[in-house]
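Chain residues, written in single-letter form:
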Amino acid sequence: MRQVDNFINGAFQRSSDGRRFEKRSPVDNKIIANIAESTQSDVDQAVEAARAALNGEWGSMPQARRLELLYEVADEITRRFDDFVAAEMADTGQPEHVMKHVFIPRGAANFKVFADVIKNVPTESFMMDTPDGRGALNYSVRKPKGVIGVISPWNAPFLLMTWKVGPALACGNTVVLKPSEETPLTATLLGEVMNKVGIPKGVYNVVHGFGPNAAGEFVTTNKGVDAITFTGETRTGSAIMKAASEGTRDVSFEMGGKNAGIVFADADFDEAVNGIFRSAFLNTGQVCLGTERVYVERPIFDKFVAALKEKAEGVQYGRPEIKGNNYGPLISREHQEKVLSYYQKAADEGATIVTGGGVPDMEGELAEGNWVQPTIWTGLEESASVVQEEIFGPCCHIRPFDTEEEVIALANDTDYGLSTTIWTTNLTRAHRMAASVDVGITWVNSWFLRDLRTPFGGNKESGIGREGGVHSLEFYTELRNVCIKL
Ligand code: NAD
Ligand code: 6OD
């Protein structure tokens, strides 16, 4: 059985009390690894190592060398591409092509892009007049914030944790990462990469374990952690915010969503169906940006529902490494039970079940996996729980609309504000809609198309702050102003 250890101060080590927890495959629920379960003292040690690295070689390293090393990290990830694909696939059960084309390449890109950003983004300077006529020059410099606590989720583990570790290191910080207990493998593999390319010890630390009263909380409550960046559920964000208030430490939060997809009758029909199919069902619906509420203009409503149903019924279930399989299981039995409870609620609330609503028939060992059918509902009131609450599964409710005003009100009737995907060929309408839907990220005639220089984050209960491009620099550095009397 594979033993997965913490990575602290450049070394793989067991937890101080030897405790481990089991990691099961989402595909068949077989145990695939035993993971070190960090104690308070393991986390304290990781934070101390991260502090020592800041005060040591990493902190005094010239920026050019630091960024060169991050390029080498990205290149080494690419050299070990197959290992990363295999590890992420084992953890998540998601199809190989998603790992190969999205999740792993993005992990490598997260190191290069932010190395380029910090190199190329200038800081400001102002000349000012003074009463004596001599004037003064102000200029600002960026300094790393210090030790960054990174708390990451399981749905796109490598992409999401490198999205934070990449810019944090590019800015000269050190990190203590607590990956999700569901997906420990790629974070651990990254430790090997760090050592291989010569990232100094203590710069990148990984502590495995759970959240409340465990490794996650040990990281967020440790006052040696200068700032906390978190991706996960909104409820968890509230708990972390309380922890961060001790010592008034800065936070960056990327949290839940209940995102609307909006399809106008003038949209390119096939593209819109394909786009909503991806946004609702990619990664078995476990994407924070995914669409669980779809609004379709009435003239094309029936045709759209029928086309989406046909595509949903065409998914190919099965082991992720087998070519042609394009639909994986949910991450865990617990999450499967949660999603199925919403399938039951939808039925109880009187939904018309267009397709799905249950567990597919899987053969042999796969029958033990966390499979659920892609599911489409119509006919519910907006107040229904499956229309209001984030399910984080492969499901959506579709409702017809008649006017722009109506659909804007429907889209905004939620506590969340992460993303939307709008399908129309009317450019004027696209701009109007983008200005009116209250979200951090609007896609028009696309979804999950990412330029890493753009601001990424959510409004309302979907997040605090923005990351991406210069916005990551704003979070991962402190700007200091220097004022020189001339
Ligand atoms: P989660 O909040 O349950 O867990 C996320 C991480 O927080 C895990 O590492 C977990 O161990 C840790 N954690 C849990 N409780 C903690 C505590 N009290 N203190 C410290 N750490 C704690 O989220 P999840 O189930 O892993 O991920 C799914 C959620 O993440 C969904 O709500 C989804 O929308 C959201 N998400 C948001 C984005 C975004 O960019 N906005 C991206 C991906 C996922
Ligand atoms: O693309 C990204 O940078 C990003 N943070 C994606 C989030 C996906 C959520 O599941």
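Residues numbered from 1 in each chain as written. Chains lettered and ligands numbered in written order. Predicted model: local features only at pLDDT ≥ 70, side-chain atom pairs only at ≥ 80, totals over all residues. Heavy atoms only, no water.

Caption draft 1: Quick look at the overall build of the protein. Scanning the protein from terminus to terminus reveals 16 helices and 23 strands. Considering only C-alpha atoms, the protein reaches an extent of 70 × 65 × 40 Å along its principal axes. Counting all 486 residues of the protein, 58% fall into the buried class. Carbon and sulfur atoms provide 50% of the accessible area of the protein, an area that totals close to 19,400 Å². Taking the average location of the 49 positive side-chain charges in the protein and that of its 65 negative ones, the two points are 5 Å from each other. (Helix = DSSP H or I, 4+ residues; strand = E, 2+ residues; numbered from the N terminus. Buried < 20%, exposed > 50% of the residue type's maximum accessible area, 1.4 Å probe, protein only. Areas by Shrake-Rupley, 256 points an atom, 1.4 Å probe, with all protein chains shown as cover. Lys, Arg positive; Asp, Glu negative; His and termini not counted. Charge placed at Lys NZ, Arg CZ, Asp CG, Glu CD.)

Caption draft 2: Region of the structure containing the pattern of salt bridges. The tally for this structure, following the rule as stated, stands at 32 salt bridges. The partner of R65 in a salt bridge is E68, and the shortest N-O contact between them spans 2.6 Å. You can see R65 and its partner E68 sitting in helix 3 (residues 63-79), three residues apart, about one turn around the helix. The salt bridge partner of D116 is K119, with a shortest N-O separation of 3.9 Å. Of the two residues, D116 and K119 are both situated in helix 5 (residues 96-120); the distance of three residues between them amounts to about one turn of the helix. Relative accessible area serves as the criterion here: at 26%, D116 is assigned to the partly exposed category. (Salt bridge = Lys/Arg side-chain N within 4 Å of Asp/Glu carboxyl O.)

Caption draft 3: View of the site of ligand 1. Taken together, 30 residues surround ligand 1, and among them K178, E181, T236, M255 and E390 come closest. In the environment of ligand 1, an oxygen atom lies 2.8 Å from a nitrogen or oxygen atom belonging to the backbone of S152. Here an oxygen atom of ligand 1 and a side-chain polar atom of E181 are 2.7 Å apart. Summarising the interface, the protein chains cover 92% of the accessible area of ligand 1, which totals 840 Å² for the free molecule. Listing elements by their share of the shell around ligand 1, those giving two or more residues are helix 8 (215-220), strand 11 (227-231) and helix 9 (234-245). It is helix 9 that contributes the most residues to the shell around ligand 1, three residues altogether. Considered class by class, the residues forming the shell around ligand 1 number 15 nonpolar, nine polar and six charged. When residues of the shell around ligand 1 are sorted by domain, at least three fall in each of domain 1 (2-255 + 462-485) and domain 2 (259-451). (Near = heavy atom within 4 Å. Polar contact = N/O pair within 3.5 Å; in protein donor to acceptor, adjacent residues only side chain to side chain. Nonpolar A, V, L, I, M, F, W, Y, C, P; charged D, E, K, R; others polar. Domains from an automatic or database assignment.)

Caption draft 4: Just the site of ligand 2, in detail. Near ligand 2, the surroundings consist of R106, N155, L159, L160, W163, V287, C288, L289, F448, R450 and F456. A distance of 2.7 Å separates an oxygen atom of ligand 2 from a polar atom in the side chain of N155. Notes on ligand 2: free accessible area 300 Å², of which the protein chains cover 99%. Looking at the shell around ligand 2 residue by residue, the class counts come to eight nonpolar, one polar and two charged. Both of domain 1 (2-255 + 462-485) and domain 2 (259-451) provide at least three residues apiece to the shell around ligand 2.

Caption draft 5: Main features of the packing of helix 5 against helix 16 (residues 469-476). The N-to-C vectors of helix 5 and helix 16 enclose an angle of 80°; their axes lie 9 Å apart at closest approach. With respect to helix 16, the element helix 5 is oriented roughly perpendicular. Of helix 16, the residues touching helix 5 (which contributes F114, V117 and I118) are G469, V470, S472 and L473. Considered class by class, the residues forming the contact of helix 5 with helix 16 number five nonpolar, two polar and no charged. (Axes fitted to C-alpha atoms, helices over the stretch in contact; angles between N-to-C directions. Parallel < 35°, antiparallel > 145°, perpendicular 65-115°, else oblique. Contact = heavy atoms within 4.5 Å.)

Caption draft 6: Quick peek at the nonpolar core. Ranked by internal contacts, the top residues of the largest apolar core, which has 72 residues, are V73, I77, F111, L190, Y204 and L289. Here this core gets 10 residues from one element, more than from any other, and that element is helix 5. Of the residues that make up this core, three or more belong to each of domain 1 (2-255 + 462-485) and domain 2 (259-451). Residues in contact with V73, not counting those within four places in the same chain, are F111, L190, V193, M194, V197 and I199. (Core = buried A, V, L, I, M, F, W, Y, C linked by side-chain atoms within 4.5 Å.)

Caption draft 7: Up close: the domain arrangement of the protein. Domains assigned within the protein are domain 1 (2-255 + 462-485) and domain 2 (259-451). Counting residues at the interface gives 25 residues for domain 1, matched by 31 residues for domain 2. Contact between domain 1 and domain 2 buries roughly 2,300 Å² in total, counting both sides, with carbon and sulfur atoms accounting for 54%. Applying the counting rule to domain 1 against domain 2 returns two salt bridges. Here K30 makes a salt bridge to E365, at a shortest N to O gap of 2.5 Å. The interface formed by domain 1 and domain 2 contains 14 residue pairs in polar contact (both at pLDDT 80 or more). Mapped by element, the contributors of at least two residues to the side of domain 1 that touches domain 2 are helix 4 (81-92) and helix 5. (Buried area = accessible area lost by both parts, 1.4 Å probe.)

Caption draft 8: Expanded view of the pairing of strand 11. Across the five residues of strand 11, five count as buried, placing the element largely inside the fold. Burial of the side chains of strand 11 extends over both faces: A227, T229 and T231 are buried on one face and I228 and F230 on the other. Here strand 8 (residues 147-151) runs beside strand 11; their pairing, made up of four bridges, is parallel. Looking at strand 11, one finds that I148 is bridged to A227. Where strand 11 and strand 12 (residues 250-254) come together, five bridges link them in parallel fashion. From the neighbouring strand, A227 faces strand 12, where its bridge partner is D250. Where the polypeptide runs from strand 11 across helix 9 and back to strand 12, its parallel neighbour, the crossover connection is right-handed. (Pairing = 2+ DSSP bridges. Right-handed = clockwise from strand over helix to strand, strands pointing away.)

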